[in-house]
Number of protein chains: 2
Amino acid sequence: MATGRTHRPASRSRGIPEATVARLPLYLRALTGLSERSVPTVSSEELAAAAGVNSAKLRKDFSYLGSYGTRGVGYDVEYLVYQISRELGLTQDWPVVIVGIGNLGAALANYGGFASRGFRVAALIDADPAMAGKPVAGIPVQHADELEKIVSDNGVSIGVIATPAGAAQPVCDRLVAAGVTSILNFAPTVLTVPDGVDVRKVDLSIELQILAFHEQRKAGEEAANQAAHPTAARRDDSAEQGPDGDVPAVMPA
Amino acid sequence: MATGRTHRPASRSRGIPEATVARLPLYLRALTGLSERSVPTVSSEELAAAAGVNSAKLRKDFSYLGSYGTRGVGYDVEYLVYQISRELGLTQDWPVVIVGIGNLGAALANYGGFASRGFRVAALIDADPAMAGKPVAGIPVQHADELEKIVSDNGVSIGVIATPAGAAQPVCDRLVAAGVTSILNFAPTVLTVPDGVDVRKVDLSIELQILAFHEQRKAGEEAANQAAHPTAARRDDSAEQGPDGDVPAVMPA
DNA sequence: ATGTCTTTGTGAACGCGTGCACAAAGATGG
DNA sequence: CCATCTTTGTGCACGCGTTCACAAAGACAT
């Protein structure tokens with residue numbers, strides 16, 4: 001979807017479907033948790049529950065990586081952590097630059113999840129000269145003029161764009177020209193990149209709008225149900241409960 | 001995908017496929033841009049280019065909403081903006097609460113994209129008593145004890161979770177119990193919710209890991225190409241090359 | 001060894017999403 | 001009014017992703 005395909009035959013990178021790749025980080029996170037609690041092995045059922053997916057899907061996903069399980073027992077946690085890490089390319093260090101050190105950029109710089117696993121913030125870059133030199137998350141911000149040099153010197157291949165919408169495409173162009181081939185875009189814009197460059201986008205307002213759509217739908221169904229049965233608020237079987245004003249939804253487990 | 005299906009027939013909400021719903025905000029954004037520049041009509045080709053999608057897909061997407069175009073001419077921008085806004089439920093106001101006012105939560109609160117279209121930050125909530133009363137983005141932070149009352153009083157149905165991972169599930173449970181039926185989760189955890197509640201997640205490290213996977217793959221192909229054509233050295237790539245002792249596994253160009 | 005029991009790995013069926021390609025619809029000009 | 005040209009709306013085919021259901025594989029006890 002957001003993958004700059006090398007317009008090769010189809011969407012498999014090597015034999016691993018894109019959908020599977022997107023779930024590997026989820027499995028890895030669950031496995032890391034188990035590893036920290038020194039759990040030696042885990043079944044597909046347990047791990048699937050922890051990752052929030054179907055167990056058949058998980059087994060099929062793992063089958064693309066190889067036969068790493070033992071029938072009747074399950075999967076060796078440590079071994080699987082290693083295999084998935086390797087598959088995802090997390091056994092090496094990825095220097096990352098963050099461009100646009102506003103509220104969001106600063107928050108990203110401070111985010112712990114970076115360093116924890118394979119990623120290292122190589123530099124923070126901002127166009128505002130007033131920011132230059134000021135440390136954010138312990139790293140001094142550098143001016144945008146240095147962008148090309150920073151990317152080149154550090155061998156950066158992954159860039160994070162957290163600029164305002166208007167600046168995103170120019171920044172993207174410069175990053176790509178300097179050698180970056182993967183971009184994570186937080187700006188609310190569609191980025192155009194040459195073939196061979198991957199772009200993934202994270203867009204708050206799109207996510208909210210999708211939620212709003214479903215929310216409206218729920219409210220509509222609710223209203224329709226109430227209209228159909230004004231007296232008996234039809235809550236016979238597992239349907240969705242009231243959004244607002246209505247009976248509070250059920251308690252979780 | 002991340003939609004709490006009502007395990008009803010299939011994945012269509014009303015006749016509108018989920019994939020289409022996910023693209024509507026994209027179209028809306030492009031259309032808003034055109035509207036601001038007073039462009040009266042737009043063809044599927046032009047709009048598709050602006051939104052970064054295929055024109056046939058765009059036409060099919062719109063066909064689910066109705067026949068809003070004029071053959072030989074295109075689509076009326078203003079009319080389409082209205083129809084999509086209505087379909088997405090953006091003609092009404094959605095009060096939203098943000099829970100967890102750390103770096104990220106504060107950045108989200110300051111994000112302009114909220115108020116712009118249908119969404120209103122009804123409250124900021126944090127568990128730290130020291131934060132209580134302190135204004136962030138012009139809104140005073142309230143203590144987590146007030147969560148249920150805030151949700152109830154404001155008729156909040158959408159909640160944003162920006163807490164640390166450990167706090168996410170308990171917060172989620174409380175939000176749902178208080179009546180929230182849509183959750184946008186920024187914490188790196190799998191949330192478990194009852195049926196009828198939608199959860200969408202935004203996860204920085206997952207996105208990075210997916211990029212790393214493709215990046216590693218590119219590096220592998222690159223290395224293989226160089227091996228095949230040692231003279232035709234493409235750009236000097238510095239930091240990578242298979243950490244895995246594994247075979248690069250290439251496919252021919 | 002043999003049998004039983006657990007859990008994996010996968011063949012097959014199905015449904016969703018995508019994109020092609022074209023007919024229908026309407027605008028526009030003579 | 002007719003011809004031509006543009007652009008929509010969609011029937012159709014294809015491929016990816018998901019899920020079911022089960023045989024194969026191995027652990028474990030006797």
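- The name that an unreviewed UniProt entry assigns to chain A is Redox-sensing transcriptional repressor Rex, with the source organism given as Streptomyces prunicolor.
- According to UniProt, the comment filed for chain A under the heading Function (unreviewed entry) is "Modulates transcription in response to changes in cellular NADH/NAD(+) redox state."
- UniProt annotates chain A under Subunit (unreviewed entry) with the comment "Homodimer."

1. Some remarks on the overall build of chain A
Moving on, step 1. Across its full length, chain A holds nine helices and 10 strands.
Moving on, step 2. Contacts spanning at least 24 positions in sequence make up 55% of the contacts within chain A whose residues lie at least 6 apart.

2. Considerations on the environment of Ala19(A)
Moving on, step 1. Inspection of the secondary structure puts Ala19(A) in helix α1 (residues 18-36).
Moving on, step 2. When the C-alpha atoms of Ala19(A) and Asp61(A) are compared, they prove to be 8.9 Å apart, with 42 residues separating the residues in sequence.

3. Comments concerning the UniProt feature "binding site: NAD(+)" (unreviewed entry) in chain A
Residue and element names in this part refer to chain A.
Moving on, step 1. Residues annotated by UniProt as "binding site: NAD(+)" (unreviewed entry) correspond here to Gly-100, Ile-101, Gly-102, Asn-103, Leu-104 and Gly-105.
Moving on, step 2. Topologically, Gly-100 is positioned in the loop between β4 (94-99) and α5 (103-110).
Moving on, step 3. Taking the relative accessible area as the measure of exposure, Gly-100 reaches 8% and is therefore buried.
Moving on, step 4. What Gly-100 contacts, discounting residues up to four positions off in sequence, is Gly-105, Ile-125, Asp-126, Ala-162 and Thr-163.

4. Some thoughts on the protein's contact with DNA strand C
Moving on, step 1. With respect to spatial proximity, 26 residues lie near DNA strand C, and among them Ser44(A), Arg71(A), Tyr75(A), Lys60(B) and Arg71(B) are the closest.
Moving on, step 2. In the model, a base oxygen of DNA strand C is placed 2.8 Å from a nitrogen or oxygen of the Arg71(A) side chain.
Moving on, step 3. By residue number, the principal contributor to the surface near DNA strand C is helix α3 (residues 55-65) of chain B, which donates four residues.
Moving on, step 4. Of the residues that constitute the surface near DNA strand C, the class distribution is eight nonpolar, nine polar and nine charged.

5. A few points about helix α3 (residues 55-65) of chain A
All names here are of chain A.
Moving on, step 1. Buried within α3 are the following residues: Ser-55, Leu-58, Asp-61, Phe-62 and Leu-65. With its buried residues spanning 120° around the axis, α3 presents them on a single face.
Moving on, step 2. Packing partners of the buried residues in α3 comprise α1, α2 (44-51), β3 (74-76) and α4 (77-88).
Moving on, step 3. Looking at where α3 begins, the residue whose side-chain oxygen comes 2.6 Å from the main-chain nitrogen of Ala-56 is Asn-54.
Moving on, step 4. Trailing α3 by a residue or two, Gly-66 shows a phi angle of about 140°, which is positive.

6. Side note on the packing of α5(A) against helix α5 (residues 103-110) of chain B
When two helices pack together, their arrangement is given by the angle between their axes and by how far apart the axes lie.
Moving on, step 1. At a minimum axis separation of 8 Å, α5(A) and α5(B) run at an interaxial angle of 165°. With respect to α5(B), the axis of α5(A) lies roughly antiparallel. Relative to α5(B), the crossing made by α5(A) is left-handed. For the pair α5(A) and α5(B), contact is made by Asn103(A), Leu104(A), Ala107(A) and Asn110(A) and by Asn103(B), Leu104(B), Ala107(B) and Asn110(B), respectively.
Moving on, step 2. Its residues assigned to classes, the contact of α5(A) with α5(B) comprises four nonpolar, four polar and no charged.

7. A few points about the pairing of strand β9 (residues 182-185) of chain A
Residue and element names in this part refer to chain A.
Moving on, step 1. The two faces of β9 match: Ser-182 and Leu-184 on one face and Ile-183 and Asn-185 on the other face are all buried.
Moving on, step 2. Assessed by its sense of winding, the connection that carries the chain from strand β8 (residues 158-161) through helix α8 (residues 165-178) to β9 is right-handed.
Moving on, step 3. Across four bridges, the pairing between β9 and strand β10 (residues 198-201) is parallel. Opposite Ile-183, over in β10, you have Val-199 as the bridge partner.

8. Notes on the packing of aromatic side chains
All names here are of chain A.
Moving on, step 1. As enumerated under the stated definition, the model contains six aromatic pairs over all chains in all.
Moving on, step 2. Ring centres of Tyr-27 and Phe-62 lie 5.2 Å apart, and the angle between their planes is 80°; on these two criteria the pair is classed as edge-to-face. Of this pair, Tyr-27 sits in helix α1 while Phe-62 sits in helix α3, and the two are 35 residues apart along the sequence.
Moving on, step 3. Taking relative accessible area as the criterion, Phe-62 reaches 2% and is therefore assigned buried.
Moving on, step 4. Ring geometry for Tyr-68 versus Tyr-79: centroids 5.3 Å apart, planes at 75°, classification edge-to-face. Remark: Tyr-79 occurs in helix α4 and Tyr-68 occurs in the loop between α3 and β2 (69-70); sequence separation between them is 11 residues.
Moving on, step 5. Here Tyr-68 falls in the buried class, since its relative accessible area comes to 18%.
Moving on, step 6. By relative accessible area, which is 39% here, Tyr-79 ends up partly exposed.
Moving on, step 7. Pairwise contacts between aromatic rings join Tyr-27, Phe-62 and Tyr-75 into one cluster.

9. Quick look at the interface of chain B and chain A
Accessible area lost during the coming together of the parts is what is often quoted as the interface size.
Moving on, step 1. Counting residues at the interface gives 82 residues for chain B and 80 residues for chain A.
Moving on, step 2. Summing both sides of the interface, chain B and chain A together bury roughly 7,400 Å²; the carbon and sulfur share of this comes to 63%.
Moving on, step 3. Taken together, chain B and chain A are joined by six salt bridges.
Moving on, step 4. Between Asp198(A) and Lys218(B) there is a salt bridge, and its shortest N-O distance comes to 3.6 Å.

10. Topic: the sheet that holds β8(A)
Residues and elements named next belong to chain A.
Moving on, step 1. Reading across from one edge, β6-β7-β5-β4-β8-β9-β10 is the order of the seven strands in this open sheet, with mixed pairing throughout. In the strand order of this sheet, the two ends are held by β6 (135-136) and β10, each with one partner.
Moving on, step 2. Helix α7 (residues 147-154) rests against β4, β5 (119-126) and β7 (139-143) of the sheet, and its axis sits at about 165° to β5.

11. Topic: the relation of the copies chain B and chain A
Moving on, step 1. The operation relating chain B to chain A is a screw motion whose rotation component is 180°, with 0.0 Å of axial translation and a residual RMSD of 0.0 Å. In short, the pair behaves as if placed about a two-fold rotation axis.

12. A few points about the pattern of salt bridges
Any two side chains of opposite charge can pair, given that their charged atoms come close.
Moving on, step 1. Per the counting criterion, the structure on display carries 16 salt bridges over all chains.
Moving on, step 2. The salt bridge partner of Arg29(A) is Asp203(B), with a shortest N-O separation of 2.7 Å. A residue pair is termed interchain when its members come from two chains, as with Arg29(A) in helix α1 and Asp203(B) in the loop between β10 (198-201) and α9 (204-228).
Moving on, step 3. Note that Arg200(A) is salt-bridged to Glu207(B), the shortest N-O span being 2.4 Å. You can see Arg200(A) sitting in strand β10 and its partner Glu207(B) sitting in helix α9, one on each of two chains.
Moving on, step 4. Relative accessible area serves as the criterion here: at 14%, Glu207(B) is assigned to the buried category.

Cut-offs applied
Residues numbered from 1 in each chain as written. Chains lettered and ligands numbered in written order. Predicted model: local features only at pLDDT ≥ 70, side-chain atom pairs only at ≥ 80, totals over all residues. Heavy atoms only, no water. UniProt positions renumbered as here; feature names shortened; annotations may be inferred. Helix = DSSP H or I, 4+ residues; strand = E, 2+ residues; numbered from the N terminus. Contact = heavy atoms within 4.5 Å. Buried < 20%, exposed > 50% of the residue type's maximum accessible area, 1.4 Å probe, protein only. Near = heavy atom within 4 Å. Polar contact = N/O pair within 3.5 Å; in protein donor to acceptor, adjacent residues only side chain to side chain. Nonpolar A, V, L, I, M, F, W, Y, C, P; charged D, E, K, R; others polar. Arc of directions from axis to C-beta. Axes fitted to C-alpha atoms, helices over the stretch in contact; angles between N-to-C directions. Parallel < 35°, antiparallel > 145°, perpendicular 65-115°, else oblique. Left-handed = near helix turned anticlockwise from the far one by under 90°. Right-handed = clockwise from strand over helix to strand, strands pointing away. Pairing = 2+ DSSP bridges. Phe/Tyr/Trp six-rings, centres within 6.5 Å; stacked < 30°, edge-to-face > 60°. Buried area = accessible area lost by both parts, 1.4 Å probe. Salt bridge = Lys/Arg side-chain N within 4 Å of Asp/Glu carboxyl O. Least-squares fit on C-alpha atoms with pLDDT ≥ 70 in both.

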